[in-house]
Amino acid sequence: MGPDKIGERVSSTAVSLGKHRYRVLIGKGLLKQLGARVRQHLHRKTCAIISDKRVAPLFAKHVKESLASAGFRPTLITIPAGEKSKMLQQASAICDQMIAAGLDRQSFVIGLGGGVIGDISGFVAAIYHRGIPHVQVPTTLLAMVDSSIGGKTAVNTGAGKNLIGAVHHPLLVIDDLDVLKTLPRREFNQGFAEIIKHAVIADDKMFRTLQSWGARSPRRPLALQSLIKRNIEIKSRIVAKDERDRTGERALLNFGHTVGHAIERAGDYRKFLHGEALSLGIVAACAISKRRAGLAPDQRDAIVDLLRQFELPTTLPKNFPREKVFDALKFDKKFEGGKVRFVVTPRVGAAHLANDVTLDDIREAVKDL
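The rules behind the values
Residues numbered from 1 in each chain as written. Predicted model: local features only at pLDDT ≥ 70, side-chain atom pairs only at ≥ 80, totals over all residues. Heavy atoms only, no water. Pairing = 2+ DSSP bridges. Helix = DSSP H or I, 4+ residues; strand = E, 2+ residues; numbered from the N terminus. Axes fitted to C-alpha atoms, helices over the stretch in contact; angles between N-to-C directions. Contact = heavy atoms within 4.5 Å. Salt bridge = Lys/Arg side-chain N within 4 Å of Asp/Glu carboxyl O. Buried < 20%, exposed > 50% of the residue type's maximum accessible area, 1.4 Å probe, protein only. Lys, Arg positive; Asp, Glu negative; His and termini not counted. Polar contact = N/O pair within 3.5 Å; in protein donor to acceptor, adjacent residues only side chain to side chain.

1. Considering the sheet that holds strand β1 (residues 11-17)
(1) Moving on: Pairing is mixed in the open sheet, where seven strands are placed in the order β1-β2-β9-β6-β5-β3-β4. What marks the edges here is a single partner per strand, and that holds for β1 and β4 (73-79). Put simply, the sheet's adjacent strands are angled 20° from each other on average, direction ignored.
(2) Moving on: Where helix α3 (residues 88-100) meets the sheet, it contacts β3 (46-52), β4 and β5 (108-113), and its direction lies at approximately 150° from that of β4.
(3) Moving on: Sheet strands in contact with helix α4 (residues 115-127) are β3, β4, β5 and β6 (134-138), and its direction is about 170° off that of β5.

Right under this line is the structure:
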């Protein structure tokens, strides 16, 4: 880490996935430098900034000014915030607005927002004129450490999450640490569910580091910068082994997600934030890992304690419709040909796909949440 041509104390890491290679920049004050940063990679003129009604009032003005000062002509497109916007109809409406604004195959897309915006803006970039460049500007910790990396873009359907999508890698990812100051505590903390997941499946040292973090550490810029970079490295290394999710390596990133997605769906995407549902899914995956992968009880307890340390839920409310959780499992893409592909951990820092996990195992784990 150190100074670069445009800004001070900017950390840069490269993501290499097959033919695709792009940079992730992590630092303070990067939104103001956005136009100059993008200009280093793109000589196009027109672009769409896709954001939502929560994020756009906070940052869109700075982004537009920065892009205009670098010679770009941006069009801001704002959609309602939340998972309910991540639908095919919304993607179609965005494309219509881009066409009306005169954007063409020489344009590009900037996704300014959290995971929902990253997913739908990436999907629009993948399909508009059969594919135009995508710049990710994640505004949540969750999106910085997870969804902005790896090129998965998608929208939901009535039957489940992310069932229509494409792999479309970003040209550049800009992680401005300053935007995280605007996140409410609950929104900020949900990012640690993905970070803890990465630690459990791939990095016992990071797990121990997180255990020693005090109450102030999560908001310290240098600590965050280092942590975000480490998580990007973990995710990109796993994705590089299985870019298109074919061999099972990339499936390790689904640890906790099988039950987590079902909980989100059972709560109609309103009861829990994604990271909160994932936290509950991790607890369920640990219960199944004790049974099917030999996870030691003290390791299970350490994982649950760490989730609690970051104020993430580890038990479902008594009145939560657990049967709905089980019903939602059948819509999961990971249940291929009726077989359960379930990720288990034998110990912190390791994970694998198990072929002996049953639906009864999952039902028991959900019942005990």
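2. So, the pattern of salt bridges
If charged atoms from side chains of opposite charge come close, those side chains can pair.
(1) Moving on: Inspection of the entire model under this criterion finds 23 salt bridges.
(2) Moving on: A salt bridge links K28 to D178; the nearest nitrogen and oxygen atoms lie 3.0 Å apart. One end of the pair, K28, is in the loop between β2 (20-27) and α1 (34-39); the other, D178, is in the loop between β9 (172-176) and α6 (185-202), and 150 residues separate them in sequence.
(3) Moving on: Taking the relative accessible area as the measure of exposure, K28 reaches 40% and is therefore partly exposed.
(4) Moving on: On the basis of relative accessible area, D178 is assigned to the partly exposed category, the value being 24%.

3. Topic: the side chain of D176
(1) Moving on: Considering the arrangement of structural elements, one finds D176 in strand β9.
(2) Moving on: Lacking a salt bridge, the buried D176 has K28 as its closest oppositely charged neighbour, with an N-O distance of 7.0 Å.
(3) Moving on: Among the polar contacts listed, one links the side chain of D176 to the backbone nitrogen of L31, at a separation of 2.8 Å.
(4) Moving on: Apart from residues lying up to four places away in sequence, D176 is in contact with G27, K28, G29, L30, L31 and M144.

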